[in-house]
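Summary of structural features
Listed below are the residues making up each chain.
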Amino acid sequence: MIKGTELFVKALKEEGVDTLFGYPGGQAIDLFDALYDQDDIDVVLPRHEQALIHAADGYARSTGRVGVCLVTSGPGATNLVTGIATANYDSVPLVCFTGQVPLDLMGNDAFQEVDIVGITRNICKYAVTVRDREDLGRIIKEAFYIARTGRPGPVVVDFPKDIQQAMGSDEYPDEVNIRGYRPNESVHVGQIKKAVSTLKKAKKPLFLIGGGVNISGANAEMLELAERTGAPVITTIMGKGAIPTGHKQYLGNIGIHGSYAANHAVSECDVLFSVGTRFNDRITGKISEFAKNATIIHIDVDSASISKNIQVDIPIVADAKLALQKLLEYAGPLKIDRWTEQTQQWKAEYPITMDRYPGVTPEKVIRYINENYKHPIVATDVGQNQLWTTQFLELESNRQLLTSGGLGTMGYGFPAAIGAQIGNPDADVFAISGDGGMQMNIQEFATAVALELPLTLIVFNNGYLGNVRQWQQMFFNKRYSSTCLTYRKSCQRNCMNKDKCCPKYTPDFVKLAESYDAYGMRIMDEKDIPKAFAFAKEHKDAPTLLEFIIDREANVSPMVPGGKPLNEMIMDC
């Protein structure tokens, strides 16, 4: 007989957990006490629970393992909500343990009591409260199994304090048998043959690859299929890197800020072969015009994602890796020379570039990473910084991009990079952020310094919440409402003089980094870009912040206005 807390620790070891991201509190103190003497489980203490779960997310995405969180009840649990939704959208395997008041106090408005299962039920894969000590081992086993199988996702295990303290069996199950949960581990051969037959008849075939290919580790199979057929390939932001971005068949990202070649290809193709994407509105544009002349084939492990937003003609419910392996048994070369030439012409004639902006630009900074780092892991925040990174970052083998694609969570990038650096201690890890998103979890400097992490934080500072400002410039007559980050009460509210009278920007990011005992440098001249990265490389005992001052009104181009079809792009925003 052992305590619930002891079985909790045993379960973590059985599941191979070596890192736990936790923040203590009254209803979780027993669990932290049980972890105190464990040498083979590192407990990471971020400075905020939202950052904690983003760090666990970055750890999970970059290592392929389940990320594990532990927080107390009430505000500790509710501070996980945004991170749970972030992981759920992007299919990230997490197990989140939340402390809870004792069972006899639940429902009585006890101190720091919330119904976290009710709160998170619609934004996670599974949520459960442990109500019987004898169910504890089974529930934890099921949580890890559910998180990592099928379409991966976050699982919430609510852990009442009396269950933590209760004595019970020390058995931890070896197997899982969940009635009603059977992840699909097969492929319907008939649908595969139908898809291949359709593909062979195509004059203008196109592969659209989503994050499901990267999640399932099907990159080699996808590359082989693309090369065998010769069909052009486009990706969603989450699917970027499914094949090397330098590959001749790769046309770029699709969507609201996609490349000209990718968006026009999807608008003119006659067979769209999509793998592992949800067809959300950021990639479809006007739904009635999306691939309107194409027969659509869709492979996805989640049956609920098929024909949810875009009606498909040939559905295949299967893991991407298994489906692509089966496809390779039947697929062959396609006779599509004219189509290939057309797509390559679009790619050559309409490259994405920021050449019209003088001085330091995100393109120049990201190009430096491309040319000087072999196997970087790059975590982005959300906004223009994310879009520029997904446009310009080259992804080959052993390069990773971590970004909040589905929920678009500002404040994600820095803590996700911390988790990635913890999981990959020998890797070059970068966090790319804007000056707005940087301030949402800036307290994590303390975490990164305490853990002596050598990651490099890149801040593109334009003094605005740039993505919203771009929309205000283009569609709201430059009415920059609540987007200027240099604004002070003494400013004229409708001030448009962005160059002459703006107050000093706060905070001073370099001084702030140094106040945490990290390193910092401000870069205003493009000739200093190499010097900045050399400065970061010098320091291995703490993170380095590189603040790049960019054009205040630099925009992300091209752009598809809201409600328009993908081929109606504004090329020079």
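Our structure's up above, just so we're on the same page.
Here we summarise the structure given alongside this text. Since the model is a prediction, treat every value here as computed from it, not as a measurement.

1. Section: the sheet that holds strand 12 (residues 271-275)
- Spatially, 6 strands are ordered 11-10-9-12-13-14 in an open sheet, and the strand pairing comes out parallel. The strands lining the two open edges of the sheet, one partner per strand, are strand 11 (250-253) and strand 14 (314-317). For this sheet, the mean angle separating the axes of adjacent strands, direction not counted, is 15 degrees.
- Where strand 10 (residues 233-235) and strand 11 come together, 3 bridges link them in parallel fashion. Along strand 11, the bridge assignment pairs threonine 235 with asparagine 253.
- Helix-sheet contacts for helix 11 (residues 219-229) involve strand 9 (205-209) and strand 10, and the interaxial angle to strand 9 is about 170 degrees.

2. Thoughts on the packing of helix 16 (residues 362-372) against helix 17 (residues 384-392)
- Between helix 16 and helix 17, the shortest axis-to-axis distance is 10 Å and the interhelical angle comes to 45 degrees. Looking at the two axes, helix 16 sits oblique to helix 17. Pair helix 16 / helix 17 crosses with right-handed handedness. Together, Pro362, Glu363, Ile366, Arg367 and Asn370 of helix 16 and Trp388, Thr389 and Phe392 of helix 17 make up the contact between the two elements.

3. Focus on empty space enclosed by the protein
- One pass over the structure, following the stated rule, counts 1 cavity of 30 Å³ or more.
- In this model, the largest cavity occupies a volume close to 30 Å³.
- Lining the largest cavity are Ile352, Thr353, Met354, Arg356, Trp388, Gln391, Asn555, Val556 and Ser557.
- Looking at side-chain class alone, the lining of the largest cavity contains 4 nonpolar, 4 polar and 1 charged residues.

4. Structural notes on the packing of helix 1 (residues 4-14) against helix 7 (residues 136-148)
- Put simply, helix 1 and helix 7 touch, their axes get as near as 10 Å, and they point 30 degrees apart. Classed by the angle they form, the pair helix 1 and helix 7 counts as roughly parallel. Two packed elements cross with a definite hand, and for helix 1 against helix 7 that hand is right-handed. Across the interface between the two elements, Gly4, Leu7, Phe8, Ala11 and Leu12 from helix 1 touch Leu136, Gly137, Ile140 and Phe144 from helix 7.
- Its residues placed into classes, the contact of helix 1 with helix 7 shows 7 nonpolar, 2 polar and no charged.

5. So, helix 14 (residues 320-327)
- Here helix 14 has its buried residues at Ala320, Ala323, Leu324 and Leu327. The buried residues of helix 14 occupy an angular sector of 95 degrees when projected down its axis, which confines them to one face.
- Considering only its buried residues, helix 14 is in contact with helix 9 (189-201), helix 10 (211-216), helix 11, strand 12 and strand 13 (295-300).
- In this structure aspartate 319 caps helix 14, since a side-chain oxygen of it lies 3.0 Å from the backbone nitrogen of lysine 321.

6. Observations concerning helix 12 (residues 260-268)
- In terms of burial, helix 12 is largely enclosed, as 8 of its 9 residues are buried.
- Next to the buried residues of helix 12 lie strand 9, strand 10, strand 11, strand 12 and helix 15 (337-349).

7. Quick word on the nonpolar core
- The biggest cluster of nonpolar side chains holds 61 residues, and the ones touching the most others in it are Leu272 and Phe290.
- Top contributing element to this core by residue count: helix 12, with 5 residues.
- Those residues in contact with leucine 272, other than ones at most four positions away along the chain, are Leu206, Leu208, Val266, Phe279, Phe290, Ala291, Ala294, Thr295, Ile296 and Ile297.
- Grouped together as the second largest cluster of nonpolar side chains are 35 residues, Ala28, Ala34, Leu35 and Ile163 included.

8. Quick notes on the side chain of aspartate 435
- Here aspartate 435 lies in helix 19 (residues 435-438).
- It is arginine 552 that comes nearest to the buried, bridge-free aspartate 435 among opposite-charge side chains, at 6.9 Å.
- Within polar-contact distance, the side chain of aspartate 435 engages the backbone nitrogen of glycine 463 at 3.3 Å.
- With residues up to four places along the chain from it excluded, the contact list for aspartate 435 reads Val459, Phe460, Asn461, Asn462, Gly463, Tyr464, Leu485, Tyr505 and Phe509.

About the cut-offs
- Residues numbered from 1 in each chain as written.
- Predicted model: local features only at pLDDT ≥ 70, side-chain atom pairs only at ≥ 80, totals over all residues.
- Heavy atoms only, no water.
- Pairing = 2+ DSSP bridges.
- Helix = DSSP H or I, 4+ residues; strand = E, 2+ residues; numbered from the N terminus.
- Axes fitted to C-alpha atoms, helices over the stretch in contact; angles between N-to-C directions.
- Contact = heavy atoms within 4.5 Å.
- Parallel < 35°, antiparallel > 145°, perpendicular 65-115°, else oblique.
- Left-handed = near helix turned anticlockwise from the far one by under 90°.
- 1 Å grid on protein atoms, 1.4 Å probe; cavity = no way out; pocket = protein on both sides within 12 Å on 5 of 7 lines; lining within 4 Å.
- Points joined across faces, edges and corners; volume = space filled by probe spheres on them.
- Nonpolar A, V, L, I, M, F, W, Y, C, P; charged D, E, K, R; others polar.
- Buried < 20%, exposed > 50% of the residue type's maximum accessible area, 1.4 Å probe, protein only.
- Arc of directions from axis to C-beta.
- Polar contact = N/O pair within 3.5 Å; in protein donor to acceptor, adjacent residues only side chain to side chain.
- Core = buried A, V, L, I, M, F, W, Y, C linked by side-chain atoms within 4.5 Å.
- Lys, Arg positive; Asp, Glu negative; His and termini not counted.
- Salt bridge = Lys/Arg side-chain N within 4 Å of Asp/Glu carboxyl O.

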